[in-house]
Amino acid sequence: MKLRPYQEEALAAVRHAMQTEKNVLLQAATGAGKTIMFASIIREWLTSYPGMRIAVIAHREILVRQAHEKLLKV
């Protein structure tokens, strides 16, 4: 899945922040593609660190289902 330029820029900022910070938060507006962005970075991590385990937590079941579907696409 191809990311939009602003999504690529946001993920580059996350990668940069993770070099010096233990906890990093990405905030984006409704419809900005947050699920696609975190699915993309998860793909990177799993490629770089085979066997890594990642948990995705959400406060609504619909968000968990949405994340599951996007992760399968990515």
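Heads up: these notes are all about the structure in this document.

Conventions and cut-offs
- Here the residue numbering is sequential within each chain, running from 1 through the sequence in written order.
- With the structure being a predicted model, the display of local features is reserved for residues of pLDDT at least 70 and the display and counting of side-chain atom pairs for 80 or more, all residues being used for whole-chain, interface and lining totals.
- Heavy atoms throughout the structure, all of them, feed into the side-chain values; hydrogens and water do not.
- The angle between two axes is taken between their N-to-C directions and runs from 0 to 180 degrees, where each axis is a line fitted to C-alpha atoms and a helix contributes only its stretch in contact.
- Segments assigned H or I by DSSP are reported as helices when at least four residues long, segments assigned E as strands when at least two residues long, and all are numbered from the N terminus.
- Each angle gets one of four labels, with under 35 degrees taken as roughly parallel, over 145 as roughly antiparallel, 65 to 115 as roughly perpendicular, and the rest as oblique.
- Crossing handedness follows the turn of the near helix against the far one: under a right angle anticlockwise gives a left-handed crossing, and clockwise gives a right-handed one.
- Should any heavy atoms of two residues lie within 4.5 Å, those residues are considered in contact.
- When residues are sorted by character, Ala, Val, Leu, Ile, Met, Phe, Trp, Tyr, Cys and Pro go into the nonpolar class, Asp, Glu, Lys and Arg into the charged class, and all the rest, Gly among them, into the polar class.
- Any helix carries an expected span of 1.5 Å times its number of residues minus one.
- Any residue under 20% of the maximum accessible area for its type is buried, any over 50% is exposed, and the rest in between are partly exposed; the area is computed with a 1.4 Å probe on protein chains only.
- Exposure above 30% relative accessible area and no salt bridge define the residues that can form patches, which grow by joining like charges within 9 Å and nonpolar side chains of Val, Leu, Ile, Met, Phe, Trp and Tyr within 5 Å.
- Note on areas: Shrake-Rupley with a 1.4 Å probe; residue coverage comes only from the protein chains shown.
- The salt bridge criterion pairs a side-chain nitrogen of Lys or Arg with a carboxyl oxygen of Asp or Glu, the two atoms within 4 Å.
- Take the buried residues of types Ala, Val, Leu, Ile, Met, Phe, Trp, Tyr and Cys, join any two whose side-chain atoms come within 4.5 Å, and each joined set is a nonpolar core.

### Some details on the packing of helix α2 (residues 34–48) against helix α3 (residues 61–73)
Point 1. Contact geometry for α2 and α3: axes closest at 9 Å, N-to-C directions at 50°. Put simply, α2 runs oblique to α3. Remark: the crossing between α2 and α3 carries right-handed chirality. Only Gln66, Ala67, Lys70 and Leu71 of α3 make contact with α2, whose side of the interface consists of Thr35, Ile36, Phe38, Ala39 and Ile42.
Point 2. Grouping the amino acids of the contact of α2 with α3 by side-chain chemistry returns 6 nonpolar, 2 polar and 1 charged.

### Side note on α2
An α-helix turns once per 3.6 residues; consequently, residues spaced three or four apart project the same way.
Point 1. With 15 residues, α2 should cover 21 Å at 1.5 Å per step; its first-to-last C-alpha distance of 21 Å lies within 8% of that length.
Point 2. Every buried residue belonging to α2 is among Thr35, Ile36, Met37, Ala39, Ser40, Ile41 and Ile42, and all of these are buried.
Point 3. Against the buried residues of α2 lie α1 (5–18) and α3.

### With respect to a nonpolar patch on the surface
Point 1. Together, Leu46, Tyr49, Met52, Ile54, Val56 and Leu71 give the surface a local cluster of nonpolar side chains, amounting to about 490 Å² of exposed area.
Point 2. Tracing the chain through its elements places Met52 in the loop between α2 and α3.

### A few points about the side chain of Thr35
Point 1. Locating Thr35 in the fold gives a position in helix α2.
Point 2. Looking at Thr35, the relative accessible area reads 14%, which means it is buried.
Point 3. Look past the residues within four positions of Thr35 in its chain and what remains in contact with it is Gln66, Ala67 and Lys70.

### Brief notes about the nonpolar core
Point 1. Leu3, Ala10, Leu11, Val14, Ile36, Met37 and Ile41 form the largest nonpolar core, which has 7 residues in total.
Point 2. Going through the elements one at a time, α1 and α2 are the ones with two or more residues in this core.
Point 3. Setting aside anything within four residues of it in sequence, one finds Ile36 in contact with Met1, Leu3, Gln7 and Lys70.

### What to know about the pattern of salt bridges
Point 1. Counted under the stated rule, the structure contains 2 salt bridges.
Point 2. A salt bridge links Glu44 to Arg15; the shortest N-O distance between them is 2.6 Å. One end of the pair, Glu44, is in helix α2; the other, Arg15, is in helix α1, with 29 residues separating them in the sequence.
Point 3. A residue is classified by how much of its surface remains accessible, and Glu44, at 28% relative accessible area, is partly exposed.
Point 4. By relative accessible area, Arg15 is classed as partly exposed at 29%.

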